[in-house]
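Residue strings, one per chain:
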Amino acid sequence: MNKWLLALGVIFSLCMFTACGTSDAEGSSDVYQIYYLDEDGTGLVTEEYRRTAQDGEDILAVASDLLDRLQHGAKNDKYKKPVDPEVEITDCQIKETQLSLYFTAAYNKTTGLDEILSRAAVVKTLCQIEGVDFVEFYVEDQPLMISGNAVGMMSGDTFIDELNPSNATKSKDVVLYFAAGDGKSLWQITAEVTYSAAEPLAQLMVEKLIEGPENIEGVPSGNLLRTVPAETRINNVTIRDNICYLDLSQDFTDPLPGISSDATVYSIVNTLCELPNVTKVQFTVEGEQEEKYGDTLNFNAPFERNLDLIREDQ
């Protein structure tokens, strides 16, 4: 009888131990995809990381753990680390849903596509943390500058990256606004665009507006008119505090015949405001603010989306 009681006690203890272990794991385990550069340095790959949350830990504690994985922890030794171990992360701050990372000057040793993909890997990894929507980089307490321009705030959607380098191109649906036949109102269209390199999504969308509807496959260009002069160049695109700062070349100021200045301005503004991290657009021309653009006044102030110009009878 005592042997049976002992056996039952052991079985009960094992069941309790197993049940408690499963409950704790299911209740406190979070799964993240950690992004790394592939062995060729031409795209991003991911590794699953399952971490056990600690009682009372905050966003910064989780971010610090994920940053350590990015800098030291790839299981596949062929994957390249997005943050070189020689680069020190001196500070990490959270304000509302924006995470700010501070790097030493050694960060600037990484350039070109390597830098873009590495930055994308960090941002896409950290934006998985609940409560983090945006990430901003600082180097020696100054905003990260690329080609003389501040990079600004980034989200997981900021980057177009090649997650599967075996494919030459990928496709994505974007929402664009072109002028209707009257040249004063706008039509909203969804277009599938292809890409093959890391590029800010905001820049790609403005480039599509400059190309015009006639150059976008699958778009009924006969019903649409271009709004931006074809000679326009994008000097810089930066997103910061939900404002997209867009600097265009002087060619932008040459109005298109039959297109109102409001249609031109809001085709860009409405298009960029389709991005989840953009609520306003601030224009400059060759780095300078202008008081008016054609008949559109207050061109030196940020513009919000304008739904009144959108037609539904396309």
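Preceding block: the structure.
What comes next is a walk through the structure. Here the structure is a predicted model, which means the values were calculated and not measured.

Rules used in this analysis
Residues numbered from 1 in each chain as written. Predicted model: local features only at pLDDT ≥ 70, side-chain atom pairs only at ≥ 80, totals over all residues. Heavy atoms only, no water. Pairing = 2+ DSSP bridges. Helix = DSSP H or I, 4+ residues; strand = E, 2+ residues; numbered from the N terminus. Contact = heavy atoms within 4.5 Å. Axes fitted to C-alpha atoms, helices over the stretch in contact; angles between N-to-C directions. Buried < 20%, exposed > 50% of the residue type's maximum accessible area, 1.4 Å probe, protein only. Phe/Tyr/Trp six-rings, centres within 6.5 Å; stacked < 30°, edge-to-face > 60°. Core = buried A, V, L, I, M, F, W, Y, C linked by side-chain atoms within 4.5 Å. Left-handed = near helix turned anticlockwise from the far one by under 90°. Nonpolar A, V, L, I, M, F, W, Y, C, P; charged D, E, K, R; others polar. Salt bridge = Lys/Arg side-chain N within 4 Å of Asp/Glu carboxyl O. Expected span 1.5 Å × (residues − 1).

**Topic: the sheet that holds strand 5 (residues 134-139)**
Argument step 1. Spatially, the four strands line up as an open sheet ordered 3-4-5-6, and their pairing is mixed. Looking at strand neighbours, the two that pair on one side only are strand 3 (89-95) and strand 6 (142-143), the edges of this open sheet.
Argument step 2. Two elements, strand 5 and strand 6, share two bridges in a ladder whose sense is antiparallel. Across the sheet, valine 139 pairs through a bridge with glutamine 142, a residue of strand 6.
Argument step 3. Packed onto the sheet, helix 2 (residues 59-72) meets strand 3 and strand 4 (98-103) and runs at close to 140 degrees relative to strand 3.
Argument step 4. Helix 3 (residues 112-126) contacts strand 4 and strand 5 of the sheet and is inclined by roughly 135 degrees relative to strand 5.

**Let's talk about the side chain of threonine 284**
Argument step 1. Summarising the element assignment, threonine 284 is placed in strand 15 (residues 280-285).
Argument step 2. Residue classification places threonine 284 among the buried residues on the basis of a relative accessible area of 17%.
Argument step 3. If near-sequence neighbours (up to four positions away) are discounted, threonine 284 is found in contact with Leu246, Asp247, Leu248 and Gln289.

**With respect to the packing of aromatic side chains**
Argument step 1. Overall, the coordinates contain twelve aromatic pairs when judged by the stated rule.
Argument step 2. With a centroid separation of 5.0 Å and an interplanar angle of 40 degrees, the aromatic rings of phenylalanine 103 and tyrosine 107 are classed as tilted. By the burial criterion, phenylalanine 103 is buried, and tyrosine 107 matches it.
Argument step 3. Residues tyrosine 266 and phenylalanine 303 carry aromatic rings whose centres are separated by 5.7 Å and whose planes lie at 85 degrees to one another, so their mutual orientation is edge-to-face. Of this pair, tyrosine 266 sits in helix 5 (residues 261-272) while phenylalanine 303 is found in strand 18 (residues 303-304), placing the two residues 37 residues apart along the sequence.

**Considerations on the nonpolar core**
Argument step 1. Ranked by internal contacts, the top residues of the largest apolar core, which has 47 residues, are Leu176, Leu246, Ile268, Leu272 and Phe283.
Argument step 2. For this core, the secondary structure elements donating two or more residues are strand 10 (170-179), strand 11 (186-195), helix 4 (201-211), strand 13 (234-240), strand 14 (243-248), helix 5 and strand 15.
Argument step 3. By residue number, the principal contributor to this core is helix 4, which donates seven residues.
Argument step 4. Residue contacts for leucine 272: discarding those within four places in its chain leaves Ala202, Val206, Cys244, Leu246, Val278 and Val281.
Argument step 5. Formed by 37 residues, the second largest nonpolar core is a distinct cluster that contains Leu37, Leu117, Val122 and Cys127.

**A closer look at the sheet that holds strand 18**
Argument step 1. In spatial order, the strands read 13-14-15-18; together these four strands make up an open sheet with mixed pairing. Two strands in the sheet have a free side with no partner beyond their single neighbour: strand 13 and strand 18.
Argument step 2. Where strand 15 meets strand 18, two bridges bridge the pair, whose relative direction is antiparallel. By the bridge assignment for strand 18, valine 281 is matched with phenylalanine 303.

**Focus on unusual backbone geometry**
Argument step 1. The phi dihedral of glutamate 96 falls on the positive side, at around 55 degrees, and the residue is not glycine.
Argument step 2. Within the secondary structure, glutamate 96 is located in the loop between strand 3 and strand 4.

**Remarks on the packing of helix 4 against helix 5**
Argument step 1. Two elements in contact, helix 4 and helix 5, have axes separated by 10 Å at closest approach and are oriented at 145 degrees. The crossing of helix 4 and helix 5 is right-handed. Of the residues in helix 5, those touching helix 4 at Ala202, Met205, Val206 and Leu209 are Ser267, Ile268, Thr271 and Leu272.
Argument step 2. Its residues assigned to classes, the contact of helix 4 with helix 5 shows six nonpolar, two polar and no charged.

**Describing the pattern of salt bridges**
Argument step 1. Throughout the structure, instances matching the rule amount to twelve salt bridges.
Argument step 2. We note a salt bridge from arginine 51 to glutamate 57, for which the minimum N-O separation is 2.9 Å.
Argument step 3. Residue glutamate 57 is classed as partly exposed on the basis of its relative accessible area of 26%.
Argument step 4. For the salt bridge of glutamate 214 with arginine 226, the shortest nitrogen-to-oxygen distance reads 2.8 Å.

**Observations concerning the environment of leucine 37**
Argument step 1. Mapped onto the secondary structure, leucine 37 falls in strand 1 (residues 29-37).
Argument step 2. By relative accessible area, leucine 37 is classed as buried at 3%.
Argument step 3. Taking C-alpha positions, leucine 37 is 7.0 Å from leucine 117, a pair spaced 80 residues apart along the chain.
Argument step 4. When sequence neighbours within four positions are dropped, the list of residues in contact with leucine 37 reads Gly43, Leu44, Val45, Tyr79, Lys80, Pro82, Asp114, Leu117 and Ser118.

**Quick look at the environment of phenylalanine 303**
Argument step 1. Look at phenylalanine 303 and you get buried, because its relative accessible area is 6%.
Argument step 2. Taking the C-alpha atoms as reference points, phenylalanine 303 and valine 281, 22 residues apart in sequence, are found 5.1 Å from one another.
Argument step 3. Look past the residues within four positions of phenylalanine 303 in its chain and what remains in contact with it is Val265, Tyr266, Val269, Thr279, Lys280, Val281, Phe283, Thr296, Leu297 and Asn298.

**Brief notes about helix 2**
Argument step 1. Over its 14 residues, helix 2 extends 20 Å from the first C-alpha to the last, a length consistent with the 20 Å expected when each residue adds 1.5 Å.
Argument step 2. Of all the residues in helix 2, the buried ones are Val62, Ala63, Asp65, Leu66, Leu67, Leu70 and Gln71.
Argument step 3. Buried positions along helix 2 lie against strand 1, strand 2 (44-52), strand 3, strand 4 and helix 3.

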